[in-house]
Amino acid sequence: MKYFSTRGNPGEQSFEDVVLAGLAPDGGLYIPIDIPTLPRNWRSDWASLSYQELAIRILSLYISPDELPTSDLVSLVNRTYSVGPQAFRDPLITPLVQLERNSRKAPGEPLEKLTVVGATSGDTGSAAIYGLRNKANISVFILFPQGRVSPIQEAQMTTVLDKNVHNLSVSGTFDNCQDILKSLLADKEFNEKHHLGAVNSINWARILVQIVYYFSAYFQLIRNPNIDVDASEIQFVVPTGNFGDILAGYYAKRMGLPMGKLGVATNSNDILARFWKSGSYQKVDPAASPVAGGVYATVSPAMDIAVSSNFERLLWYLAYESVTPVDATSKRAAACDQVRVWMAAVKNKGAVDLSAVLEDARKDFVADKVDDEQTIATIRRYNETKSYLVDPHTAVGLHAAEVFAKSNSAATVQVVLSTAHPAKFADAVQRAHSSFDPDAVFGDLLSR
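Summarised in this report is the structure supplied together with it.

**Some words on the overall build of the chain**
So, point 1. For the chain, the helix and strand inventory stands at 19 helices and 12 strands.
So, point 2. In terms of overall size, the chain behaves like a compact globule, its C-alpha atoms giving a radius of gyration of 21 Å where 448 residues would be expected to give roughly 22 Å.
So, point 3. Summarising its shape, the C-alpha atoms of the chain cover approximately 60 × 60 × 50 Å along the three principal directions.
So, point 4. Surface summary for the chain: the accessible area is close to 19000 Å², and the carbon and sulfur share equals 49%.
So, point 5. With 42 positive and 48 negative side-chain charges, the chain shows a separation of 1 Å between the mean positions of the two kinds.

Quick look at the structure:
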């Protein structure tokens, strides 16, 4: 399996090269040459696998054994999920690829040092920091928007004092942090000197490992005696800002995992919901009140993003279906040209008309916006009626799922992807549940 940039340059690349590069030199994002199809007996053969075993089967479809031997892939997956998927270890796959490469060096051959860089709106930063703290030959630099992550999330990052960990508070929004990250990755000389590796979802590795979520959920549904999967249509609903996790669901669907339309759930930073409504992809909603930096500060801060970077990957597939050449090579080149034009318009004008591909986008997705008032009300309602306390991002997904359900068939089974522990967002949760005590979860973390 080889990879290429959504904007066409450079040519085909290996898995290791695209993972360690993060961003293509032309500013595009890497995608696979082909989306693999599932083996004939995948449902029966994979039904009883552990999460790690399932990850190995799925990743092996995207990684050639000639490039990464099966034994190395098994080691990579086991190290990534050494404490289980529930610990959000996905960001670690990029540096672990580097470590696997070092492990294959001959005795006496100098080891490559890696500088891990990341822009975070909350959880990616702390996950990378805790997984890589005090690791030899790895330095970690995490950028986060000042005042736009929760106090607990900031403390989880800044109270780690290992010498190889560096936190950088950026005045602005997550988009500003991500722009800095992209500039670093695009600087060839700087990149080669410091051996940068990105842990954001702009890195293909993050999308790849998140595909496993959907297969794992599917097999859990099969094992549920109250659900007849064969007689149902599954709808995954995903709270999203950067369009990474839900894009993984799109890949799972294209591979052949049975599901209906994916549900895009956004907060008031609704560039995605507005696209699926009108076909216009605009950084700023002309009908909304202006806000500094173009990003609203909401109770679900991990989704406070103006431009969803991973949407470019979906745009490539939409462009591929819309261009006129017949042969695959010419269609691929034409799609890259079209994406390059679209993204230039977003960068230079802040908007692009994508109405030509809107109907194709609607074949696989529905979308809805959820504001703060609806988010808080959803947290309160689920706590009072189901004794289930959720964080505000999950609440965005739950509210959107209720909206989508009104148009779904009676046979639809919804799966909402939950995102974080509610204690990380104590201010929002306490607005819905006044007796909630985050100190019972995190102790004295904020006072350190």
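**Concerning unusual backbone geometry**
So, point 1. Looking along the chain, the bond that leaves Asn9 and enters Pro10 is cis, with omega of 10 degrees.
So, point 2. Mapped onto the elements of the fold, Pro10 is located in the loop between β1 (3-5) and α1 (15-21).
So, point 3. The phi torsion at His195 lies on the positive side, around 55 degrees, for a residue other than glycine.
So, point 4. Its place among the elements puts His195 in the loop between α9 (188-194) and β6 (196-198).

**Regarding the packing of aromatic side chains**
So, point 1. The full count for this structure, using the stated rule, is 26 aromatic pairs.
So, point 2. Measuring from ring centre to ring centre gives 4.9 Å for Tyr214 and Phe236, while their planes differ by 75 degrees; the resulting arrangement is edge-to-face. Of this pair, Tyr214 sits in helix α10 (residues 204-222) while Phe236 sits in strand β7 (residues 233-239); the two residues are 22 residues apart in sequence, bridging distant segments of the chain.
So, point 3. Here the basic side chain of Lys331 rests over the ring of Tyr320, its NZ or CZ set 4.4 Å away from the ring centre.

**Observations concerning the sheet that holds strand β12 (residues 412-416)**
So, point 1. Across the sheet, which stays open at both edges, the four strands sit in the order β11-β8-β7-β12 with parallel pairing between neighbours. Each end of this open sheet is capped by a strand with a single partner; those strands are β11 (365-369) and β12. The mean angle between the axes of side-by-side strands here comes to 20 degrees, regardless of whether they run parallel or antiparallel.
So, point 2. The sheet contact formed by strand β8 (residues 262-266) and β11 spans five bridges and is parallel. Counterpart to Ala265 in the pairing with β11 is Asp368.
So, point 3. In the packing of helix α12 (residues 271-278) onto the sheet, contacts are made with β8 and β11, and the angle to β11 comes to roughly 125 degrees.

**Observations regarding helix α11 (residues 245-255)**
So, point 1. Most of α11 sits inside the fold, with 10 of its 11 residues counted as buried.
So, point 2. Where α11 ends, the next residue or the one after it, Gly256, has phi of about 125 degrees, a positive value.

**Concerning the packing of α10 against α11**
So, point 1. As a packed pair, α10 and α11 sit with axes 8 Å apart at the nearest point and diverge in direction by 65 degrees. Considering how the two elements wind past one another, α10 and α11 form a crossing that is right-handed. Residue-level inspection shows Trp204, Ile207, Gln210, Ile211, Tyr213, Tyr214 and Phe215 of α10 in contact with α11, the latter providing Asp245, Ile246, Leu247, Ala248, Gly249, Tyr251, Ala252 and Met255.
So, point 2. Among the residues forming the contact of α10 with α11, the class breakdown is 12 nonpolar, two polar and one charged.

**Thoughts on helix α4 (residues 70-80)**
Residues spaced three or four apart along an α-helix face the same direction, because each turn holds 3.6 residues.
So, point 1. All of the buried residues in α4 are Asp72, Leu73, Leu76, Val77 and Thr80. The buried residues of α4 occupy one face: seen down the axis, they fall within an arc of 135 degrees.

**A closer look at the environment of Glu154**
So, point 1. Topologically, Glu154 is positioned in helix α7 (residues 151-158).
So, point 2. Overall, the relative accessible area of 29% leaves Glu154 in the partly exposed class.
So, point 3. Discounting chain neighbours no more than four positions away, the residues touching Glu154 are Phe144 and Val149.

Conventions used here
Just so you know, the residues in each chain are numbered from 1, in the order the chain's sequence is written. Where totals are concerned, whole chains, interfaces and linings use all residues; where local detail is concerned, this predicted model gives features only for residues with pLDDT of at least 70, and gives and counts side-chain atom pairs only at 80 or more. Hydrogens and water are ignored here; the side-chain numbers use all heavy atoms of the structure. Strands are runs of DSSP state E lasting at least 2 residues, helices are runs of H or I lasting at least 4, and numbering of each runs from the N terminus. Here the radius of gyration uses the C-alpha set of atoms, whereas the globule reference equals 2.2 Å times the residue count to the power 0.38. Here the accessible surface of atoms and residues is derived via Shrake-Rupley with a 1.4 Å probe, and residues count as covered only by protein chains that are part of the display. Only four residue types enter the tally: Lys and Arg on the positive side, Asp and Glu on the negative side; His and the chain ends are excluded. In plain terms, the charge of a residue is placed at NZ if it is Lys, CZ if Arg, CG if Asp and CD if Glu. Two rings from Phe, Tyr or Trp (for Trp, the six-membered ring) form a pair when their centres are within 6.5 Å of each other. A pair whose planes differ by under 30 degrees is stacked, one over 60 is edge-to-face, and the rest are tilted. Criterion for a charge above a ring: Lys NZ or Arg CZ within 6 Å of the ring centre, and within 35 degrees of the ring normal. Should DSSP find at least two bridges between two strands, the strands are regarded as paired. The axes used here are C-alpha line fits, helices contributing only the stretch in contact, and every angle between their N-to-C directions lies in the interval 0 to 180 degrees. Should any heavy atoms of two residues lie within 4.5 Å, those residues are counted as being in contact. Three exposure classes are used, based on accessible area relative to the maximum for each residue type with a 1.4 Å probe and protein chains only: buried under 20%, partly exposed in between, and exposed over 50%. Left-handed describes a crossing in which the near helix is turned anticlockwise from the far one by less than a right angle; the clockwise case is right-handed. Each residue is assigned to one class: nonpolar for Ala, Val, Leu, Ile, Met, Phe, Trp, Tyr, Cys and Pro, charged for Asp, Glu, Lys and Arg, and polar for all the others, Gly among them. An arc is given here, and it is the one of the directions from the helix axis to the C-beta atoms.

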